[in-house]
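# Examination of the molecular architecture
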Amino acid sequence: MTMDDAEIRDQLQEVETELVRLRESAAEIRREIGERWDAPTDAAEMATVITNAEQQEALIETLEARRERLRQRLGTS
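Here the structure is a predicted model, which means the values were calculated and not measured.

Cut-offs applied
Residues numbered from 1 in each chain as written. Predicted model: local features only at pLDDT ≥ 70, side-chain atom pairs only at ≥ 80, totals over all residues. Heavy atoms only, no water. Salt bridge = Lys/Arg side-chain N within 4 Å of Asp/Glu carboxyl O. Helix = DSSP H or I, 4+ residues; strand = E, 2+ residues; numbered from the N terminus. Buried < 20%, exposed > 50% of the residue type's maximum accessible area, 1.4 Å probe, protein only. Core = buried A, V, L, I, M, F, W, Y, C linked by side-chain atoms within 4.5 Å. Contact = heavy atoms within 4.5 Å. Expected span 1.5 Å × (residues − 1). Polar contact = N/O pair within 3.5 Å; in protein donor to acceptor, adjacent residues only side chain to side chain.

## Things to note about the pattern of salt bridges
Taken as a whole and judged by the stated rule, the model has six salt bridges. Of the charged contacts in the structure, one is a salt bridge between E64 and R23, with a shortest N-O distance of 2.4 Å. Taken together, the residues E64 in helix α2 (residues 43-76) and R23 in helix α1 (residues 5-35) connect sequence positions 41 residues apart. According to the relative accessible area criterion, R23 is partly exposed, its value standing at 34%. The partner of R31 in a salt bridge is E28, with the nearest N and O atoms 2.9 Å apart. On the criterion of helical spacing, the pair formed by R31 and E28 is a turn pair, its members being three residues apart in helix α1. Here E28 falls in the partly exposed class, since its relative accessible area comes to 37%. Shared partners join several salt bridges into a network, and the residues in it are E16, R67 and R71.

## Here's the deal with the nonpolar core
Residues I8, L12, V15, L19, L22, A26, I60, L63 and L70 constitute the largest nonpolar core, which totals nine residues. The set of elements that each furnish at least two residues to this core consists of α1 and α2. Top element by residues in this core is α1. It accounts for six residues. Discounting chain neighbours no more than four positions away, the residues touching L12 are R67, L70, R71 and L74. Within the second largest apolar cluster, five residues are counted, among which are I29, I33, M46 and V49.

## Notes on α1
Since the α-helix packs 3.6 residues into each turn, any two residues three or four apart lie on the same face. In this model, α1 (31 residues) spans 45 Å end to end at C-alpha, consistent with the 45 Å of a helix rising 1.5 Å per residue. Residues I8, L12, V15, L19, L22, A26, I29 and I33 constitute the buried set of α1. One side-chain oxygen of the residue at the start of α1 lies 3.2 Å from the amide nitrogen of A6, identifying that residue as D4.

The values are spatial; any link to function lies outside them.
Given below as C-alpha coordinates:
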(Lines give C-alpha, C1' and ligand atoms only; values in the text may rest on other atoms or scores of the structure.)
Protein backbone atom coordinates (compact mmCIF):
# COMPACT_ATOMS: atom_id res chain seq x y z
CA MET A 1 0.00 0.00 0.00
CA THR A 2 1.42 3.36 -0.96
CA MET A 3 0.72 6.67 0.68
CA ASP A 4 -0.53 9.62 -1.27
CA ASP A 5 1.18 13.01 -1.06
CA ALA A 6 -1.27 14.28 1.58
CA GLU A 7 -0.50 11.34 3.88
CA ILE A 8 3.22 11.81 3.41
CA ARG A 9 2.90 15.54 4.17
CA ASP A 10 0.90 14.71 7.33
CA GLN A 11 3.59 12.31 8.48
CA LEU A 12 6.28 14.82 7.61
CA GLN A 13 4.53 17.46 9.73
CA GLU A 14 4.28 15.01 12.65
CA VAL A 15 8.01 14.26 12.37
CA GLU A 16 8.84 17.99 12.23
CA THR A 17 6.72 18.66 15.33
CA GLU A 18 8.36 15.81 17.24
CA LEU A 19 11.83 17.00 16.20
CA VAL A 20 11.14 20.47 17.60
CA ARG A 21 9.91 18.98 20.88
CA LEU A 22 12.86 16.60 21.22
CA ARG A 23 15.43 19.26 20.35
CA GLU A 24 14.01 21.58 23.01
CA SER A 25 13.96 18.77 25.56
CA ALA A 26 17.52 17.65 24.77
CA ALA A 27 18.76 21.25 24.96
CA GLU A 28 17.09 21.67 28.34
CA ILE A 29 18.74 18.50 29.63
CA ARG A 30 22.12 19.69 28.38
CA ARG A 31 21.56 23.08 30.08
CA GLU A 32 20.77 21.24 33.32
CA ILE A 33 23.97 19.26 33.01
CA GLY A 34 25.95 22.45 32.41
CA GLU A 35 24.35 24.21 35.36
CA ARG A 36 25.03 21.31 37.68
CA TRP A 37 28.58 20.52 36.62
CA ASP A 38 30.01 21.74 39.91
CA ALA A 39 27.03 21.00 42.14
CA PRO A 40 27.20 18.10 44.55
CA THR A 41 25.24 15.42 42.72
CA ASP A 42 25.10 11.70 42.78
CA ALA A 43 27.23 10.18 40.00
CA ALA A 44 24.49 7.71 39.13
CA GLU A 45 21.95 10.54 38.78
CA MET A 46 24.27 12.50 36.50
CA ALA A 47 24.90 9.39 34.40
CA THR A 48 21.15 8.91 34.04
CA VAL A 49 20.65 12.50 32.94
CA ILE A 50 23.45 12.23 30.38
CA THR A 51 22.03 8.93 29.11
CA ASN A 52 18.61 10.54 28.71
CA ALA A 53 20.10 13.36 26.66
CA GLU A 54 22.01 10.90 24.48
CA GLN A 55 18.88 8.80 23.92
CA GLN A 56 16.92 11.86 22.86
CA GLU A 57 19.70 12.89 20.50
CA ALA A 58 19.73 9.39 18.98
CA LEU A 59 15.97 9.61 18.49
CA ILE A 60 16.44 12.99 16.82
CA GLU A 61 18.87 11.39 14.35
CA THR A 62 16.36 8.62 13.63
CA LEU A 63 13.58 11.13 13.03
CA GLU A 64 15.82 13.24 10.80
CA ALA A 65 16.48 10.15 8.66
CA ARG A 66 12.74 9.45 8.50
CA ARG A 67 12.09 13.06 7.53
CA GLU A 68 14.60 12.75 4.70
CA ARG A 69 12.95 9.55 3.43
CA LEU A 70 9.54 11.23 3.49
CA ARG A 71 10.90 14.23 1.62
CA GLN A 72 12.40 11.93 -0.99
CA ARG A 73 9.08 10.17 -1.42
CA LEU A 74 7.39 13.50 -2.00
CA GLY A 75 10.01 14.37 -4.57
CA THR A 76 9.50 11.13 -6.49
CA SER A 77 5.70 11.00 -6.26
